[in-house]
Amino acid sequence: AMVAAGGSDFSDLREIKKQLLGVAERSRERGLQHSGKWAAELAFALEPLPLSELPPPPVLTEEDARDLDAYTLAKSYFDLKEYDRAAYFLQGCKSQKAYFLYMYSRYLSGEKKKDDETVDSLGPLEKGQVKNEALRELRVELSKKHKAQELDGFGLYLYGVVLRKLDLVKEAIDVFVEAAHALPLHWGAWLELCNLITDKEMLKFLSLPDTWMKEFFLAHIYTELQLIEEALQKYQSLIDAGFSKSTYIISQIAVAYHNIRDIDKALSIFNELRKQDPYRIENMDTFSNLLYVRSMKPELSYLAHNLCEIDKYRVETCCVIGNYYSLRSQHEKAALYFQRALKLNPRYLGAWTLMGHEYMEMKNTSAAIQAYRHAIEVNKRDYRAWYGLGQTYEILKMPFYCLYYYRRAHQLRPNDSRMLVALGECYEKLNQLVEAKKCYWRAYAVGDVEKMALVKLAKLHEQLNESEQAAQCYIKYIQDIYSCGEVVEHLEVSTAFRYLAQYYFKCKLWDEASACAQKCCAFNDTREEGKALLRQILQLRNQGETSSTDVAAPFFLPASLSASNTPTRRVSPLNLSSVTP
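Everything quoted here is computed from the prediction, not taken from an experiment. (Residues numbered from 1 in each chain as written. Predicted model: local features only at pLDDT ≥ 70, side-chain atom pairs only at ≥ 80, totals over all residues. Heavy atoms only, no water.)

**Notes on the overall build of the protein chain**
Helix and strand counts for the protein chain come out as 30 helices and 0 strands. By residue count, 52% of the 581 residues in the protein chain fall in the buried class. Long-range contacts, defined here as pairs at least 24 residues apart, represent 59% of the contacts in the protein chain between residues at least 6 apart. Accessible surface, the protein chain: about 28,600 Å² in total, of which carbon and sulfur atoms supply 52%. (Helix = DSSP H or I, 4+ residues; strand = E, 2+ residues; numbered from the N terminus. Buried < 20%, exposed > 50% of the residue type's maximum accessible area, 1.4 Å probe, protein only. Contact = heavy atoms within 4.5 Å. Areas by Shrake-Rupley, 256 points an atom, 1.4 Å probe, with all protein chains shown as cover.)

Laid out in structure tokens, this is it:
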């Protein structure tokens, strides 16, 4: 058999192709469709093999021959999802393959009954009290085999899945590592590990087999753990090694860019992916999230209709349609589709979070909280669910709770300015202004998506009568807004100009003050104040108050902030001649 997944290098792509075709076939024989599909897709990305090099059919043992009839019959029932019937005819089979199918049929039978129960009993948000009844017996039988070392790579994988379902995470991880050693080519075991490893520390302590499959695993888990730089490097080296045609890798790169909010890059890769694989449904929910964030209604509408034609009862399709209705502000309809997605797959994470968002829009906070909690139960690393919980408690005016949830979101996404701004607002409500300042400054430093951190920081300085620092922040803010090229409709630009006009006026810097005051006249909400200030400046100038040089505005960053990792830069007073609203 192909136990050795030849070394960790990619020098012999034909050998790798052989291994992939072999394991795809073996996975399919055992009903492991997803692993089979993964291997087949990856193999498809490599050059075809000549007849002489195709992998030989697996060698049959005496036991295999004895079980062949029962296996062939049971597999046909299994493929028709008649799991109990399949298991009945496999009782007493001894060969590895037939024994696996026997145990796997019993496992899937339990899962199917559980899911059917869940769908029947569930209002959308009750906790499924339903358990897979088969798990305990399966664990007892498999652990006996495990102790006697009679499980092959596939058997170990199934044992791991049973342990995970019983929430025995530590044991499950050990068994999946053992499965990866026994059969490194089986992607399912690696994928299970990806879902159980929650941080980089855990990853360090795993002793993984040294095989080329490990590279795919590492790239995948880096993406999961938000270590995007590392993930992209790994994927690039896999592409260079010869997997440039792999749709799996292309989709993973798109997801990685989505995770770091590089929306343009992600969109263009998804469009490329759809050209290559137009009927693909996996990851299209992520694609629709991007279209949603960009408010691309026609594109999202096209995607929704397109997926609906391909398969309207797929989880991803329901999510895309949900996003489509949400963008059109039809929140009840959107929530309905996210519920439908969860009926199709209660463990589908994205839908819980998105449903939470819809309940928030409908002002149904208790339902939103329940939905977000479900999302976190499925995956502790879903930062959007933590962030959503923060928002719900903010609406409920419970800042202490908010703080806890926003902190968790921030730990998961340390460089996401939205979490930092939310944290800052929390600290402000709790009157911890120093902490709030730090958060706003960090948000600006990591690259503020919504361009609000500086304004919030400026307003804090205003409250504390730190006028120089406030002016400083407003200047940076204006430079920031105008350097984007497109001036977004920003309410706060006028606020900034108004503050600066008054600040320069106090400092008797008439030129700067009147330049800012003129800017104020361009905005509706500050027009009158701007005009009044211009009149005052004119009066004072005529009275002969010269522009003061001794009270030059001292523009430094506040010391407290510059201590926390920001270089102190002197900012000259704003050159406004180039700035036109």
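**Details of a positive patch on the surface**
Together, K131, R136, R139 and K147 give the surface a local cluster of positive charge. Tracing the sequence through the fold places R136 in helix α6 (residues 135-147). (Patch = residues over 30% accessible without salt bridge, like charges linked within 9 Å, V, L, I, M, F, W, Y side chains within 5 Å. Salt bridge = Lys/Arg side-chain N within 4 Å of Asp/Glu carboxyl O. Lys, Arg positive; Asp, Glu negative; His and termini not counted. Charge placed at Lys NZ, Arg CZ, Asp CG, Glu CD.)

**Side note on the packing of helix α24 (residues 433-445) against helix α25 (residues 453-463)**
A pair of packed helices is characterised by two quantities: the angle between their axes and the separation of those axes. Viewed as axis vectors pointing N to C, α24 and α25 meet at an angle of 150°, and their least axial separation amounts to 8 Å. Looking at the two axes, α24 sits roughly antiparallel to α25. Here α24 runs over α25; the crossing is left-handed. Along the contact surface, α24 presents L433, A436, K437, Y440, W441, A443 and Y444, while α25 presents A453, L454, K456, L457, L460, H461 and Q463. Here the contact of α24 with α25 is composed, by residue class, of 10 nonpolar, 2 polar and 2 charged. (Axes fitted to C-alpha atoms, helices over the stretch in contact; angles between N-to-C directions. Parallel < 35°, antiparallel > 145°, perpendicular 65-115°, else oblique. Left-handed = near helix turned anticlockwise from the far one by under 90°. Nonpolar A, V, L, I, M, F, W, Y, C, P; charged D, E, K, R; others polar.)

**A look at unusual backbone geometry**
Outside of glycine, negative phi angles account for most residues, and trans bonds account for most peptide bonds. Unusually for a residue other than glycine, D167 sits at a positive phi of about 65°. Topologically, D167 is positioned in the loop between α7 (153-165) and α8 (169-182). Positive phi is not limited to glycine here, since N465 has a value of about 55°. Positionally, N465 belongs in the loop between α25 and α26 (467-483). Overall, N465 belongs to the exposed group, its relative accessible area being 70%.

**Some points on the state of the cysteines**
Applying the stated rule across the entire model yields 0 disulfides. We note that C439 lacks a disulfide partner, and the nearest cysteine sulfur, in C426, lies 9.1 Å from it. (Disulfide = S-S within 2.5 Å.)

**Structural notes on the nonpolar core**
Core analysis: the biggest nonpolar cluster contains 191 residues, and L20, Y107, L193, W212, F216, F217 and I221 have the highest contact counts within it. When sequence neighbours within four positions are dropped, the list of residues in contact with L193 reads I173, F176, V177, L206, L208, F217 and I221. (Core = buried A, V, L, I, M, F, W, Y, C linked by side-chain atoms within 4.5 Å.)

**Observations regarding the pattern of salt bridges**
Considering all chains together, one arrives at 30 salt bridges under this definition. A salt bridge links K97 to E29; the shortest N-O distance between them is 3.6 Å. Of this pair, K97 sits in helix α5 (residues 96-121) while E29 is found in helix α1 (residues 13-29), placing the two residues 68 residues apart along the sequence. E29 carries the same exposure label as K97, and that label is buried.

**Observations concerning the environment of I478**
Along the chain, I478 turns up in helix α26. For the pair I478 and S494, spaced 16 residues apart in sequence, the C-alpha separation works out to 9.6 Å.

**Thoughts on the UniProt feature "repeat: TPR" (unreviewed entry) in the protein chain**
Mapped onto this structure's residue numbering, the UniProt feature "repeat: TPR" (unreviewed entry) falls at residues 315-348 and 349-382. Between the end C-alpha atoms of residues 315-348 there is a gap of 8 Å, over a span that is 79% helix and 0% strand. The distance separating the terminal C-alpha atoms of residues 349-382 is 8 Å; by composition the span is 79% helix and 0% strand. (UniProt positions renumbered as here; feature names shortened; annotations may be inferred.)

**Quick notes on the side chain of S35**
In this fold, S35 is placed in helix α2 (residues 33-44). On the accessibility criterion, S35 (8% relative accessible area) is buried. A polar side-chain atom of S35 sits 3.0 Å from a polar atom in the side chain of H186. If we ignore the near neighbours within four places in the chain, the residues touching S35 are S27, H186, W187 and G188. (Polar contact = N/O pair within 3.5 Å; in protein donor to acceptor, adjacent residues only side chain to side chain.)

**Re the packing of α1 against α2**
Interhelical geometry of α1 versus α2 gives an angle of 155° and a closest axis separation of 8 Å. Considered as vectors, α1 and α2 are oriented roughly antiparallel to each other. α1 and α2 meet at a crossing whose hand is left-handed. For the pair α1 and α2, the contacting residues are K17, L20, L21, V23, A24 and S27 in the first and S35, G36, W38, A39, A40, L42 and A43 in the second. Taken together, the residues of the contact of α1 with α2 break down into 9 nonpolar, 3 polar and 1 charged.

**Some remarks on helix α3 (residues 62-79)**
Here α3 contains 18 residues, and its C-alpha end-to-end distance of 25 Å stays within 8% of the 26 Å for a straight helix at 1.5 Å per residue. The largest bend in α3 is about 55°, located at L68. Among all positions in α3, only D64, D67, Y71, A74, K75, Y77 and F78 are buried. Phi turns positive, to about 65°, at K81, one or two residues after α3. (Expected span 1.5 Å × (residues − 1). Bend = angle between axes of the 7 residues up to and from the residue.)

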